[in-house]
Amino acid sequence: MRLEDFLITHKKPYLIFDFDETLFELVLPWENWEKDIESDLANIDAKIIRAYRIGAITLSELQNEYVAKDSKALELLINHNIHFETTYLKNVLRNEELVKFIKETKGYKLYLWTSNTKSVVENVMEENHVLHKFDKIITRDDVKMLKPNTEGFYKIYDEKIPKSEYLLIGDSDSDKDAAESVGIDFFLVDYFTQT
């Protein structure tokens with residue numbers, strides 16, 4: 001189902017988009033994310049990096065566990081993510097349907113909540129002429145904890161607005177779990193995973 005069709009029957013004036021693999025796909029060597037930071041992370045807690053390597057936890061869960069374990073880990077991770085995303089970005093693919101929706105839509109308040117870094121997110125959105133459409137953008141730089149932790153949502157949420165009027169649009173279980181945790185609806189995007 002297309003988002004436009006969903007919104008005809010589900011009135012949601014406040015739309016929160018995920019970024020990577022929802023609006024755009026950052027073509028990065030994610031399989032090598034930990035290479036430049038591996039020893040630093042192992043010094044904090046080797047069990048966490050091992051769990052990530054064997055697929056027992058996601059990249060977001062790894063970052064959340066390190067931040068919870070050691071207060072110095074947040075700065076280390078943010079700096080690493082900025083370096084990784086700006087140095088190794090090979091290409092950016094666009095979800096044509098959602099980008100067109102964002103450019104043409106009226107009557108919605110649009111937000112972005114992502115685990116990606118502010119500089120990359122804002123550059124990509126500016127290049128695609130959609131940055132100005134968003135009322136608020138929450139990136140890795142703005143939060144301690146990543147989705148499914150709900151910290152980012154509460155940087156967007158206005159308690160004067162019923163949660164029933166918000167919709168989180170994303171591609172992952174982390175997005176879905178975050179929406180469920182705060183009590184808002186979720187719309188799954190599979191644009192980049194369709195075969």
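It should be noted that the structure appears before, not after, this text.
Residues numbered from 1 in each chain as written. Predicted model: local features only at pLDDT ≥ 70, side-chain atom pairs only at ≥ 80, totals over all residues. Heavy atoms only, no water.

Observations concerning the packing of helix 3 (residues 59–69) against helix 4 (residues 73–88)
At their nearest, the axes of helix 3 and helix 4 sit 8 Å apart, and the two run at 145 degrees to each other. Contacts from Gln 63, Tyr 66 and Val 67 in helix 3 reach Ala 73, Leu 74, Leu 77 and Asn 81 in helix 4. Looking at the contact of helix 3 with helix 4 residue by residue, the class counts come to 5 nonpolar, 2 polar and no charged. (Axes fitted to C-alpha atoms, helices over the stretch in contact; angles between N-to-C directions. Helix = DSSP H or I, 4+ residues; strand = E, 2+ residues; numbered from the N terminus. Contact = heavy atoms within 4.5 Å. Nonpolar A, V, L, I, M, F, W, Y, C, P; charged D, E, K, R; others polar.)

Remarks on the sheet that holds strand 6 (residues 166–170)
Sheet architecture is open: 5 strands sit in the order 5-4-1-6-7, paired in parallel fashion. Looking at strand neighbours, the two that pair on one side only are strand 5 (134–138) and strand 7 (185–188), the edges of this open sheet. Strand-to-strand twist across the sheet, computed as the mean angle between neighbouring axes with direction ignored, equals 20 degrees. Here strand 4 (residues 109–113) runs beside strand 5; their pairing, made up of 4 bridges, is parallel. (Pairing = 2+ DSSP bridges.)

What about the environment of Lys 147?
Structurally, Lys 147 is set in the loop between strand 5 and helix 7 (151–154). C-alpha separation for the pair Lys 147 and Asp 177, spaced 30 residues apart in sequence, amounts to 8.0 Å. Look past the residues within four positions of Lys 147 in its chain and what remains in contact with it is Asp 18, Ser 60, Asn 64, Trp 113, Thr 114, Ser 174, Asp 175 and Ala 178. Among the polar contacts made by the side chain of Lys 147, one reaches the side chain of Asp 18 at a distance of 2.9 Å. Engagement of the side chain of Lys 147 in a polar contact is seen with the side chain of Asp 175, the distance being 2.7 Å. (Polar contact = N/O pair within 3.5 Å; in protein donor to acceptor, adjacent residues only side chain to side chain.)

Brief notes about helix 3
Residue pairs spaced three or four apart in an α-helix point in one direction, given the helix's 3.6 residues per turn. Restricting attention to buried positions, one finds in helix 3 the residues Leu 59, Ser 60, Leu 62, Gln 63, Asn 64, Tyr 66 and Val 67. Where helix 3 is buried, its residues contact helix 2 (38–53) and helix 4. (Buried < 20%, exposed > 50% of the residue type's maximum accessible area, 1.4 Å probe, protein only.)

Let's talk about the pairing of strand 2 (residues 24–27)
What you see with strand 2 is a clean split: Phe 24 and Leu 26 sit on the buried side and Glu 25 and Val 27 on the side with no burial. Inspection of the sheet shows strand 2 paired to strand 3 (residues 91–94) by 4 bridges, in the antiparallel sense. Opposite Glu 25, over in strand 3, you have Leu 93 as the bridge partner.

Thoughts on the nonpolar core
Counting residues in hydrophobic clusters, the biggest one holds 45 residues, and the most contacted among them are Phe 17, Leu 62 and Phe 134. With residues near it in sequence (within four places) discarded, Phe 17 still touches Leu 3, Leu 23, Leu 98, Phe 101, Ile 102, Leu 110, Tyr 111, Leu 112, Trp 113, Phe 134 and Ile 169. Listed in part, the 16 residues of the second largest apolar core include Ile 16, Tyr 111, Val 143 and Leu 168. (Core = buried A, V, L, I, M, F, W, Y, C linked by side-chain atoms within 4.5 Å.)

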